[in-house]
Amino acid sequence: QVQLVESGGGLVQPGESLRLSCAASGSGFSINAMGWYRQVPGKQRELVATITSGGNTNYADSVKGRFNISRDNAKNTVYLQMNSLKPEDTAEYYCNAGTMMVVGYRYREVWGRGTLVTVSS
């Protein structure tokens, strides 16, 4: 079993920064790609950024140049550094990981429970 726990959300002023963390815990698995998604009430969940096990990254156009995704494979943790935050970045941010069970080679998508980011003056 694999669990993801997000942290780092909160209330910030426009132009300020936040750093989100997502730690994977459990046993008997390896992690492939990891990513961050966000969702606001009444709208679809959207991709923010992804990172492969090899370090290749992908960003939504709306956050390019402002956000940076990184990972520490030794700690099974992915980070999202959010700079120059805007009110439109306000959302519930969710961590996602693709995991492979070492026994049976079963692939599972795992989601965290979310952390709220509010950008308001």
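Refer to the structure printed above.
Here is what the cut-offs are and how they apply
Residues numbered from 1 in each chain as written. Predicted model: local features only at pLDDT ≥ 70, side-chain atom pairs only at ≥ 80, totals over all residues. Heavy atoms only, no water. Helix = DSSP H or I, 4+ residues; strand = E, 2+ residues; numbered from the N terminus. Buried < 20%, exposed > 50% of the residue type's maximum accessible area, 1.4 Å probe, protein only. Lys, Arg positive; Asp, Glu negative; His and termini not counted. Salt bridge = Lys/Arg side-chain N within 4 Å of Asp/Glu carboxyl O. Polar contact = N/O pair within 3.5 Å; in protein donor to acceptor, adjacent residues only side chain to side chain. Contact = heavy atoms within 4.5 Å. Pairing = 2+ DSSP bridges. Axes fitted to C-alpha atoms, helices over the stretch in contact; angles between N-to-C directions.

1. Notes on the side chain of Glu 6
- Note on placement: Glu 6 falls in strand β1 (residues 2-7).
- No salt bridge is formed by the buried Glu 6; the nearest opposite charge belongs to Arg 113, separated by 7.1 Å.
- In terms of polar contacts, Glu 6 uses its side chain to reach the backbone amide nitrogen of Cys 95, at 2.9 Å.
- Within polar-contact distance, the side chain of Glu 6 engages the backbone nitrogen of Gly 114 at 2.9 Å.
- Residues in contact with Glu 6, not counting those within four places in the same chain, are Ser 21, Cys 22, Trp 36, Tyr 93, Tyr 94, Cys 95, Gly 112, Arg 113, Gly 114 and Thr 115.

2. Some details on the sheet that holds strand β8 (residues 77-82)
- Ordered by their spatial adjacency, four strands build an open sheet running β1-β3-β8-β7, and the pairing between neighbours is antiparallel. Here the strands that pair on one side only, and so sit at the sheet edges, are β1 and β7 (67-72). Strand-to-strand twist of the sheet, defined as the mean angle between neighbouring strand axes without regard to direction, takes the value 15 degrees.
- Strand direction decides the pairing type here: strand β3 (residues 18-26) and β8, joined by six bridges, are antiparallel. Bridging from a neighbouring strand, Ala 23 pairs with Thr 77 of β8.

3. A closer look at the pairing of strand β5 (residues 46-51)
- Of the pairings in the sheet, the one linking strand β4 (residues 29-39) to β5 comprises five bridges and is antiparallel in character. Across the sheet, the residue bridging to Trp 36 is Ala 49, located in β5.
- Hairpin connection from β4 to β5: six residues lie between these consecutive antiparallel strands, with Gly 42 at a positive phi of about 85 degrees.
- Note that β5 and strand β6 (residues 57-59) share three bridges and pair antiparallel. Bridge pairing in β6 places Ile 51 opposite Thr 57.
- The loop that links β5 with its antiparallel partner β6 comprises five residues; one of these, Gly 55, has a positive phi angle of about 100 degrees.

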